[in-house]
Amino acid sequence: MADTKVYRATTTAPVNIAVVKYWGKRDPKLNLPTNSSLSVTLAQSDLRTLTTATCSAAYAGQGDSLLLNGEASDVSGARTQACFRALRERRAALEAADSSLPKLASLPLRIVTENNFPTAAGLASSAAGFAALVRAIADLYELPDTPSQLSLIARQGSGSACRSVFGGYVAWRMGEKEDGSDSLAEQVAPASAWPEMRAVVLVVSAAKKGVSSTSGMQQTVATSGLFQERIRTVVPDNMAKMEKAIAAQDFAAFAEVTMRDSNSFHATCADTYPPIFYMNDVSRAAVRAVESINAKAGRTVAAYTFDAGPNAVVYYLEKDADVVLGTFSNILGAGVDGWKGGVAPGTAQAA
Ligand code: 2P0
């Protein structure tokens, strides 16, 4: 009788917010970036993707499927297919080496996934999404791969997803090889190395973003002169400074690089032709609010950063929670759709 057992694995992956931004691909097919990047992984309790992967001979003839937030989603895209293919190849190699293993690689996959935050609103949903997808299938297939090896696969789903394979402070090394085998993520420091770090996400708008990251960055690479300077000097300098700041738990240095790198990224967006604007008036008010908090305190208390959307993420230390959260609720209360997670406390444990 055919084995109709349903094999199942469930996992979660957290959102990561870059403090040195990924923007630009040197190889769009393999998702190889034009520069290295560095992010902080947020707490899973606040922003995460929950994914269950199942496979069974009982699904024979149905093909692979993906349910995202309760709706059927296309699995035929090149990125999803690249992840499925890489994971199946690894499972097939295990099965070839050990004939006692159940033959899972050839079975249809069913993926059910759910975000607890707005999808595609510039909140790195694709990062958590592909990291969770890859880990759930890797767990289902009982693959022995390390997180860095899995980050190579997640990267092919969405560049920033390679960083969500880890908790804490995570660097995506751009690599040099044409096949992408050295373009992977590694943990720079665990969350526990800097336990006072906090982030709050200000949901300025939960609407779907206007220009997708993939097409936005391709337009920037093709048209912005400023971008060339960014990848040649600005980002390498910011990566070195950021790693030093994290190692020293130097919040003022961490904050300055975070804000400068966000500004540099949005400047290259404005230098794209035609220009791309992700930040809006409420975003700019958030910048001013951070500047005002820091000026009043006479020291660096908070740092803003913005991704490919208007939502602000503000980093601060636990001891300054009252002043940061108090200021934001007073200044921006009327203009924002809501707070996601209030305080998104700390950074996630290793995923
Ligand atoms: C980042 N962003 O480093 C930067 C900052 C947006 C601004 O990574 O085309 O969704 O899937 O590789 O990863 C968003 O880009 O793009 C992103 P793809 P992705 O977090």
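Computed from a prediction, not measured in an experiment: that's the story for all the values here.

A.B. asks: I would appreciate a short explanation of the packing of helix 1 (residues 78-97) against helix 3 (residues 147-157) in the present structure.
C.D. replies: Packed helices, taken two at a time, are described by the angle between their axes plus the distance between the axes. Packing of helix 1 against helix 3 leaves a shortest axis separation of 7 Å and a crossing angle of 155°. As judged from the angle between their axes, helix 1 and helix 3 are roughly antiparallel. For the pair formed by helix 1 and helix 3, the contact residues are R79, A82, C83, A86, L87 and R90 on the first element and I153, Q156 and G157 on the second. Looking at side-chain class alone, the contact of helix 1 with helix 3 contains five nonpolar, two polar and two charged residues.

A.B. asks: What is the right way to look at the packing of aromatic side chains in this model?
C.D. replies: Each aromatic ring pair is characterised by the separation of its centres together with the angle its planes make. Applying the stated criterion across every chain, the model contains eight aromatic pairs. Taken together, a centroid distance of 4.8 Å and an interplanar angle of 55° make the contact between W23 and F265 tilted. Here the residue W23 occupies a position in the loop between strand 2 (16-20) and strand 3 (25-27), and F265 occupies one in helix 6 (residues 251-271), the gap between them amounting to 242 residues. Comparing W23 with F265 shows no difference in burial state: the two are buried. Chaining the aromatic ring pairs together yields one cluster made of Y169, W194, F251, F254 and Y315.

A.B. asks: Got a minute to help me understand the sheet that holds strand 2 in this structure?
C.D. replies: Picture the strands of a sheet paired through backbone hydrogen bonds; they go either parallel or antiparallel. Strand order in the open sheet formed by four strands is 2-5-10-11, and the pairing between neighbours is antiparallel. Each edge of the sheet is formed by a strand with only one pairing partner; in this case those strands are strand 2 and strand 11 (185-189). For this sheet the average axis-to-axis angle between neighbouring strands, irrespective of direction, equals 35°.

A.B. asks: Please clarify how the site of the ligand should be interpreted in this entry.
C.D. replies: Inspection of the region around the ligand gives 18 residues, with Y22, K25, S158, S160 and T214 positioned closest. The contact in question runs from an oxygen atom of the ligand to an N or O atom on the backbone of G159, over 2.8 Å. In the complex, 94% of the free accessible area of the ligand, which totals 470 Å², lies under the protein chains. Ranked by residues supplied to the shell around the ligand, first place goes to helix 4 (residues 213-223) with three residues. Looking at the shell around the ligand, its residues break down into six nonpolar, seven polar and five charged.

A.B. asks: Quick question: what am I supposed to make of helix 5 (residues 225-248) here?
C.D. replies: Because an α-helix completes one turn every 3.6 residues, residues spaced three or four positions apart along the sequence face the same direction. Between its first and last C-alpha, helix 5 extends 34 Å over 24 residues, near the 34 Å set by a 1.5 Å rise per residue. Largest kink in helix 5: about 45°, centred on I231. For helix 5, the full list of buried residues reads F227, R230, V235, N238, M239, M242, A245 and I246. Along its buried surface, helix 5 packs onto strand 2, strand 5 (37-41), strand 10 (169-172), strand 11, helix 4 and helix 6. Between a side-chain oxygen at the N-terminus of helix 5 and the backbone nitrogen of L226 the separation is 3.3 Å; the capping residue is S224. Q249 sits one or two residues past helix 5 and shows a positive phi near 50°.

A.B. asks: Honestly, the confidence of the model for the protein in this entry has me stumped. Any pointers?
C.D. replies: Low pLDDT marks regions whose predicted coordinates should not be analysed in detail. Looking at the protein, the pLDDT average stands at 90 and 89% of residues meet or exceed 70. Confidence drops under pLDDT 50 across residues 334-351; counting only partners more than four residues distant or on other chains, this segment forms 65 contacts. For this predicted complex, the interface confidence score (ipTM) comes to 0.98, while the overall pTM stands at 0.93.

What counts, and where the lines are drawn
- Residues numbered from 1 in each chain as written.
- Predicted model: local features only at pLDDT ≥ 70, side-chain atom pairs only at ≥ 80, totals over all residues.
- Heavy atoms only, no water.
- Axes fitted to C-alpha atoms, helices over the stretch in contact; angles between N-to-C directions.
- Helix = DSSP H or I, 4+ residues; strand = E, 2+ residues; numbered from the N terminus.
- Parallel < 35°, antiparallel > 145°, perpendicular 65-115°, else oblique.
- Contact = heavy atoms within 4.5 Å.
- Nonpolar A, V, L, I, M, F, W, Y, C, P; charged D, E, K, R; others polar.
- Phe/Tyr/Trp six-rings, centres within 6.5 Å; stacked < 30°, edge-to-face > 60°.
- Buried < 20%, exposed > 50% of the residue type's maximum accessible area, 1.4 Å probe, protein only.
- Pairing = 2+ DSSP bridges.
- Near = heavy atom within 4 Å.
- Polar contact = N/O pair within 3.5 Å; in protein donor to acceptor, adjacent residues only side chain to side chain.
- Areas by Shrake-Rupley, 256 points an atom, 1.4 Å probe, with all protein chains shown as cover.
- Expected span 1.5 Å × (residues − 1).
- Bend = angle between axes of the 7 residues up to and from the residue.
- pLDDT = per-residue confidence, 0-100.

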